[in-house]
Amino acid sequence: MPPLLSWLAAVTTVVLCPTVLLLLRLRARVTADLAAERTAREETLRRVLIVQELHEVVAHRVSVMTLGIGAGRMTMGKDPRRAADTLRDAEESGRQALGELQRMLGILSAVTGVPPSRTPQPLLDDLPDLLHEARTGGLQVDFTQDGTPVPAAPGVELSAFRIVQEALRDAEGASRASVTLRWRQGFLEVLVSGDGPSMPEGRLMRERAALVGGTVTIEGGAVHARLPLR
């Protein structure tokens, strides 16, 4: 082989070998990452299926419990012993449903990495603490209520609280905000506005509202949620 060709071959080998090794390492890393991702996805799918099965069990237990309580109430005056037995069965169904719910939360916490909480979820009565926390952080918050407050379903109150919490947290660049609760016949309106440039998309707020049959609209720096009371 002529000296020039030998020299070119040697140079090519020196240049290409590290590149080829790097490409092989990158390929191996990508393959390993894809395999890990596929395994994690399959594991998550299995957990979701387990949660769906547990949900069906819990729904059945709650249905049995509800029917048992209704039957016990109707027979309480006519046959107290039968009513007591029916209510005892309903109580046992409630205990079993609670156990299944705790197992469901354990599976979900393994997916999300967030341990299940044993403390009660916040309701609208906890709003003053939330607003105080926001004010302590330097945000001036005005709070008003329009209409007469009435009892709402716990899920609705939790959604309203979280929407206010997330809207205040997402009001980046704002120095002042206002929170208004409008109590209307059959529904609650939650309005949060700030003097910042705009609010984020608010996908989580929309999902929270949709879970209780409500809606959320965001225009500029204002959030408007409409939640049914029941």
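Everything below is about the structure printed above this text.
Reading guide: rules and limits
Residues numbered from 1 in each chain as written. Predicted model: local features only at pLDDT ≥ 70, side-chain atom pairs only at ≥ 80, totals over all residues. Heavy atoms only, no water. Pairing = 2+ DSSP bridges. Helix = DSSP H or I, 4+ residues; strand = E, 2+ residues; numbered from the N terminus. Buried < 20%, exposed > 50% of the residue type's maximum accessible area, 1.4 Å probe, protein only. Axes fitted to C-alpha atoms, helices over the stretch in contact; angles between N-to-C directions. Parallel < 35°, antiparallel > 145°, perpendicular 65-115°, else oblique. Contact = heavy atoms within 4.5 Å. Nonpolar A, V, L, I, M, F, W, Y, C, P; charged D, E, K, R; others polar. Salt bridge = Lys/Arg side-chain N within 4 Å of Asp/Glu carboxyl O.

(A) The pairing of strand β5 (residues 222-228), seen in detail. Relative to β5, strand β3 (residues 187-194) runs antiparallel, the two being bridged by seven bridges. Directly across from Leu-188, in β5, lies its bridge partner Leu-227. As defined by bridge partners, strand β4 (residues 215-219) adjoins β5 across five bridges and the pair is classed as antiparallel. By the bridge assignment for β5, Ile-218 is matched with Val-223.

(B) Looking closely at the pairing of β4. Taking every second residue as pointing to the same face, the buried face of β4 carries Val-216 and Ile-218, while none of Thr-215, Thr-217 and Glu-219 on the other face is buried. The turn linking β4 back onto β5 is made up of two residues, and Gly-220 within it adopts a positive phi angle of 60°.

(C) Quick peek at the packing of helix α3 (residues 127-136) against helix α4 (residues 154-170). Look at α3 against α4: their axes get within 11 Å of each other, and the N-to-C directions meet at 5°. Taken together, the axis directions place α3 and α4 in an arrangement best described as roughly parallel. Only Phe-161, Val-164, Gln-165 and Leu-168 of α4 make contact with α3, whose side of the interface consists of Leu-127, Leu-130, Leu-131 and Ala-134. A per-class count over the contact of α3 with α4 returns seven nonpolar, one polar and no charged.

(D) Up close: the pattern of salt bridges. For the coordinates displayed, the defined rule picks out six salt bridges. A salt bridge links Arg-176 to Asp-142, with the nearest nitrogen and oxygen atoms 3.1 Å apart. With Arg-176 in strand β2 (residues 176-184) and Asp-142 in strand β1 (residues 140-146), the pair connects residues that are 34 residues apart, well separated along the chain. By relative accessible area, Arg-176 is classed as partly exposed at 38%. With its nearest N and O atoms 2.9 Å apart, the salt bridge here joins Arg-203 to Glu-207. One end of the pair is Arg-203 and the other is Glu-207, both in helix α5 (residues 203-211) and four residues apart, which spans about a single turn.

(E) Structural detail: the sheet that holds β3. In spatial order, the strands read β1-β2-β3-β5-β4; together these five strands make up an open sheet with mixed pairing. Each end of this open sheet is capped by a strand with a single partner; those strands are β1 and β4. The mean inter-strand angle of the sheet, taken between neighbouring strand axes irrespective of direction, is 10°. Where β2 lies against β3, eight bridges are found, and the strand directions are antiparallel. Counterpart to Arg-184 in the pairing with β3 is Phe-187. Sheet strands touched by α4: β2, β3, β4 and β5. Its angle to β5, the strand with the most contacts, is close to 175°. Strands in contact with α5 are β4 and β5; relative to β4, the strand with the most contacts, it is inclined by about 155°.

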